[in-house]
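Notes for the structure review
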Amino acid sequence: MGTLRLDELTTVVRAPNPSPMTLEGTNTYLLGAPGCGELLVVDPGPDLLEHRRAVEGAAADRDAAIVAAVVTHHHADHAEAAAWTEDWGVPLLAFTPALVPAAEVAPLRDGDVVRRAGIAVEAVHTPGHSSDHVCLRVAGTGAVLTGDHVLGRGTSMVAHPDGDMADYCASLRRLAGLGAPILYPGHGPVVDDPSSVVTAYLEHREERERQILAGLAAGDRTPAGLVARVYADVDPALHPAAERSVRAHLDKLAAEGLVEIRAGEVLPR
């Protein structure tokens, strides 16, 4: 998939930035009512000339002009190309404008509805993967664009210190409560069974907590030691990212009174 029409409102353009963290690449979405001649861009993606040409080409194929853009969060693979909006001469919205690399960014608050391109898109603040993360619910179709909150395959990383595991789990429950019929993720394929996938995400986090507590009971006392045990079957190249996730889990467990973190050492309670 390079460019694909997903429904009457939505086109996805995959950026050429595949990696273990981005799967096949970042999904940039173009949203707009048929025949209105306008499009809202969600997550411009990485600042790659090939990708920009593909996004602008997809807009031309729909005979529509880009009139606004939104970023789900500030990570570079989603927001590095935010400055394209300056060339396009269109407004850009983000939950925490100061984190986004563009000259002018308007704030997008929880519950705000963006009414552009003949559609209405509601912002749902879903912190956890990052503090500024939002999902976007599209009126009419009910589809939710999930950024990195839920991926099309595998699970999302919650990276300490900006990532917060307690917030992430609460945000998953909030997403489940939206009752979306379909999810359009920031990476990977469409999720057409949101309820079971979100449940699996929560179960995965619960299992990781059990594994971490078991590692502590077995004598591990550092995040690196826990990673070596819990992620033993994962490519070692991903262990630094896994350690940030373990640290986010440990912060949550410490707040719940289940572990104590003291001078870099983790102790069970």
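Presented here is an overview of the structure given in this document. By convention here, each chain's residues receive numbers from 1 onward along its written sequence. Only residues with pLDDT of at least 70 are given local features in this predicted model, and only at 80 or more are side-chain atom pairs given and counted; all residues enter the totals for whole chains, interfaces and linings. Only hydrogens and water are set aside; all other atoms, that is, all heavy atoms of the structure, feed into the side-chain values.

1. Some points on the pairing of strand E9 (residues 119–125)
Burial here depends on accessible area, computed with a 1.4 Å probe over protein chains only, as a share of the maximum for the residue type. Under 20% is buried, over 50% is exposed, and the range in between is partly exposed. Under the scheme used here, helices are H or I runs from DSSP no shorter than 4 residues and strands are E runs no shorter than 2 residues, and both carry numbers assigned from the N terminus. Summarising burial for E9: six of the seven residues are buried, a large majority. When strand E8 (residues 113–116) meets E9, the two strands line up antiparallel, connected through four bridges. Opposite valine 114, over in E9, you have valine 121 as the bridge partner. In this scheme, strands are said to pair when DSSP sees at least two bridges between them. For E9 and strand E10 (residues 134–138), the ladder comprises five bridges, and the chain directions are antiparallel. For alanine 123, the partnering residue across the bridge sits in E10 and is leucine 136.

2. Quick word on the sheet that holds E9
Taking strand neighbours across the sheet as the criterion, the five strands line up as E8-E9-E10-E11-E12 in an open arrangement whose pairing is mixed. The sheet terminates laterally at E8 and strand E12 (183–185), the two strands that pair on one side only. Across the sheet, the mean angle from the axis of one strand to that of its neighbour is 25°, orientation sign disregarded. Think of each axis as a best-fit line through the C-alpha atoms, taken over the contacting stretch in the case of a helix, with angles from 0 to 180 degrees between the N-to-C directions.

3. Some remarks on the side chain of lysine 252
Tracing the backbone through its elements, the reader meets lysine 252 in helix H7 (residues 239–255). Overall, the relative accessible area of 13% leaves lysine 252 in the buried class. Among all residues touching lysine 252, those that are not within four sequence positions of it are Met165, Ala166, Cys169 and Glu209. We call two residues contacting when some pair of their heavy atoms lies within 4.5 Å.

Read these as spatial facts, not as claims about activity.
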